[in-house]
Amino acid sequence: DTGVSQDPRHKITKRGQNVTFRCDPISEHNRLYWYRQTLGQGPEFLTYFQNEAQLEKSRLLSDRFSAERPKGSFSTLEIQRTEQGDSAMYLCASSSVPRNTIYFGEGSWLTVV
Amino acid sequence: EDQVTQSPEALRLQEGESSSLNCSYTVSGLRGLFWYRQDPGKGPEFLFTLYSAGEEKEKERLKATLTKKESFLHITAPKPEDSATYLCAVQANDYKLSFGAGTTVTVRA
């Protein structure tokens, strides 16, 4: 396995700008997850795909957040009109059926100034 | 709603001083309980998945156990390189993970 890959690793943006993060899961993993983590807290679930279908989205997630997984391969997470409260590490994870071991990437740090 | 509580929040150990971390959970239909290690500024690193009460798994100085209400991560004779935040998460039938806030372990030489 080459591991879950996330890009960019760090992003500084001005309030009100849009940002997009990319995640490349482990090859042949059909489940892909997005989480958000702030300092001192555990990761918080954002959304989850099985293949290209988005199966669940956190009800706490603002409409400014959108995620896609075209063709069931890589995924993107876009945040529109960023706010300072969006500053966090955005984590991507993937797993396969039936092994179900969920592997995380190194995360993408977002700082909104 | 699934809930995970980890204790203590922080643990300072002397090298070689064994200890245990606790993860208490409530979940509707446990599919699996996961343990991860997280170093500062990095993503969580997978350690174990436990699926049923009574199950135990070991890796080097770490041993995870599971009951119907909690899981323990035992660290035997820790070394400074075991210093990290240890995260516990439960997976229900919807496949998503619900995490605790973690226990930060510091091992002094």
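Whatever comes next refers back to the structure up there.
Residues numbered from 1 in each chain as written. Chains lettered and ligands numbered in written order. Predicted model: local features only at pLDDT ≥ 70, side-chain atom pairs only at ≥ 80, totals over all residues. Heavy atoms only, no water.

### Focus: unusual backbone geometry
Here the bond from D7 of chain A into P8 of chain A is cis, since omega is -5°, no more than 30 degrees from zero. As for its position among the elements, P8 of chain A is in the loop between β1 (5-7) and β2 (10-13). A cis amide bond links S7 of chain B to the next residue, P8 of chain B, at an omega of -10°. The residue P8 of chain B is located in the loop between β1 (3-7) and β2 (10-14) in this model. Phi at K71 of chain A is positive, roughly 60°, even though this residue is not glycine. Secondary-structure assignment places K71 of chain A in the loop between β7 (65-68) and β8 (75-79). A positive phi is found at Y95 of chain B, a non-glycine position, where the angle reads about 75°. Turning to its location among the elements, Y95 of chain B is positioned in the loop between β9 (84-91) and β10 (97-99). Among the residues examined, Y95 of chain B registers a relative accessible area of 21% and is labelled partly exposed. (Helix = DSSP H or I, 4+ residues; strand = E, 2+ residues; numbered from the N terminus. Buried < 20%, exposed > 50% of the residue type's maximum accessible area, 1.4 Å probe, protein only.)

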